[in-house]
Amino acid sequence: MTSLQTLNRTPDGIACNVATTDAGSGNNPEIRNMFCFVIYQVLIRIGWIFKTETVIMPAILDAVADSGFLRGLLPILNRAGQSMTQLLASGRLSRLKLQKWVLVGTSLSMAACFAALSLAWVSLEAFYPSLLSALFLFLYGMFSISNGLNQLVAASLQGKLISPARRGRLMLVSVTMGSIVAVSVAIVFLGPWLETKADFYKIFAASSLFFMFGAAVPIFFYEPALDVTAKLRNNVED
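Residues numbered from 1 in each chain as written. Predicted model: local features only at pLDDT ≥ 70, side-chain atom pairs only at ≥ 80, totals over all residues. Heavy atoms only, no water.

A. A look at the overall build of the chain. When helices and strands are tallied, the chain shows 8 helices and 2 strands. In the chain, of all internal contacts separated by at least 6 residues, the share reaching a separation of at least 24 is 78%. Taken as a whole, the chain presents about 12400 Å² of accessible surface, with 68% of it coming from carbon and sulfur. (Helix = DSSP H or I, 4+ residues; strand = E, 2+ residues; numbered from the N terminus. Contact = heavy atoms within 4.5 Å. Areas by Shrake-Rupley, 256 points an atom, 1.4 Å probe, with all protein chains shown as cover.)

B. Molecular detail of the side chain of N147. On the secondary structure map, N147 appears in helix α5 (residues 129-161). Leaving out residues up to four positions away in the same chain, N147 has contacts with W48, Q82 and M110.

C. A look at the packing of aromatic side chains. Tallied over the entire structure, the rule returns 14 aromatic pairs. Joined through ring pairs, the aromatic side chains of W48, F114, W121, F136, Y140, F143, F200, F204 and F211 make up one cluster. Lying across the ring of W48, K51 places its NZ or CZ 3.7 Å from the centre. (Phe/Tyr/Trp six-rings, centres within 6.5 Å; stacked < 30°, edge-to-face > 60°. Lys NZ or Arg CZ within 6 Å of the ring centre and 35° of its normal.)

D. Here's a closer look at helix α6 (residues 164-193). Over its 30 residues, α6 extends 41 Å from the first C-alpha to the last, a length consistent with the 44 Å expected when each residue adds 1.5 Å. At I187, α6 is deflected by roughly 45°, the largest bend along its length. Within the sequence span of α6, burial applies to L170, S174, G178, A182, V185, A186, L190 and W193. Where α6 is buried, its residues meet α1 (29-49), α2 (56-64), α5 and α7 (200-216). (Expected span 1.5 Å × (residues − 1). Bend = angle between axes of the 7 residues up to and from the residue. Buried < 20%, exposed > 50% of the residue type's maximum accessible area, 1.4 Å probe, protein only.)

E. Structural detail: the environment of K160. Of note, K160 is situated in helix α5. Relative accessible area serves as the criterion here: at 7%, K160 is assigned to the buried category.

F. View of the packing of α2 against α5. One way to put it is that α2 packs onto α5 with a least axis distance of 9 Å and a crossing angle of 155°. With respect to each other, α2 and α5 are oriented roughly antiparallel. Listed contacts from α5 to M57, I60, L61 and V64 of α2 are P129, L132, S133, F136, L137 and Y140. Taken together, the residues that form the contact of α2 with α5 break down as 9 nonpolar, 1 polar and no charged. (Axes fitted to C-alpha atoms, helices over the stretch in contact; angles between N-to-C directions. Parallel < 35°, antiparallel > 145°, perpendicular 65-115°, else oblique. Nonpolar A, V, L, I, M, F, W, Y, C, P; charged D, E, K, R; others polar.)

G. Structural view of the pattern of salt bridges. The final tally for this structure, using the stated rule, is 3 salt bridges. Across the pair R166 and E30 runs a salt bridge whose closest N-O atoms are separated by 2.8 Å. Of this pair, R166 sits in helix α6 while E30 sits in helix α1, and the two are 136 residues apart along the sequence. For R166, a relative accessible area of 22% corresponds to the partly exposed category. One salt bridge connects K202 with D199, and the closest N-O pair in it is separated by 3.4 Å. (Salt bridge = Lys/Arg side-chain N within 4 Å of Asp/Glu carboxyl O.)

H. Summary view of the confidence of the model for the chain. Per-residue confidence for the chain averages 81 on the pLDDT scale, and 83% of its residues sit at or above 70. In this model residues 1-26 is a low-confidence stretch, pLDDT under 50, and it forms 54 contacts with partners more than four residues away in sequence or in other chains. (pLDDT = per-residue confidence, 0-100.)

I. Structural detail: the nonpolar core. Membership of the largest hydrophobic core comes to 53 residues, with the highest contact counts inside it found for F50, M57, I60, F136, I203 and F204. Broken down by secondary-structure element, the contributors of at least two residues to this core are α1, α2, α3 (68-94), α4 (100-124), α5, α6 and α7. With 10 residues, α5 is the single largest residue contributor to this core. With residues near it in sequence (within four places) discarded, I60 still touches W121, F136, F200, I203 and F204. (Core = buried A, V, L, I, M, F, W, Y, C linked by side-chain atoms within 4.5 Å.)

Have a look at this one:
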C-alpha cells in the first residue's frame, strides 16, 4: 500500500505532516523536497544579497535623495510589511490544501517589485528623482509584504514536508551553499555596479532575476494535498 503522508508527533506534542517513502516504488519524496528546498534557498539568498537592506538599499536611496527621514522609513516598511502580512495571512494559509503555489506566487511578486524598480530607475533617475524616491519606497513596501508572506509559507512548507530530524541538515546545507555562492556572485558583480548610479538598475535586475529563478523551484515539491476536514477532526479528537 502506498503511503503518501503520515502524521508524526514531535516530543512536545506538536503535530507534523511528513512526506514519507513510497514503499512500492522506492522513491523518497522527502529527499526530493530537501533538494528542492536547498536550490530554492540558494537562489533566494543570491537575489537577497543584491538588495541587502542594511547597506545596499540605504546607499541607493541616498543616491536619489540624501534624506535621513526617507532612509529611516526603510526599516519601518520592512518590519511592518513582514509582521502585518504574517499576522493576517497565517490562519488562511493553514487551511490551504496546497501551499507550494503560494510560495511560487510570493517569489514572483518579489521578482516583480525589483523588475519594476529596475525599469523605474532607468526611466526616472535622471529627470524625476523625487518621483523615483516615492516609487522606490512604495515598491520596497510591496516587496516587504511579499517577503513576509514568502517567509511564512516557506516555514510552513518545511514543517509539512521535512521531518524534524532533517531540518537542521537542510538549514546547514542551504545556508552554507547559499552564502558561498552569494558572496562569490557579489564580489564579481556587486562592487562594480555600486561605483556609478547608472548601473544601479543592474542590481535590481539581478535580484529580480534570481527571485524569478527561485519561483520555478517550488513547482517540483512533492506536497500531498492537506485534508482540512480530517485535520480539524483529528484536532478535536486529540
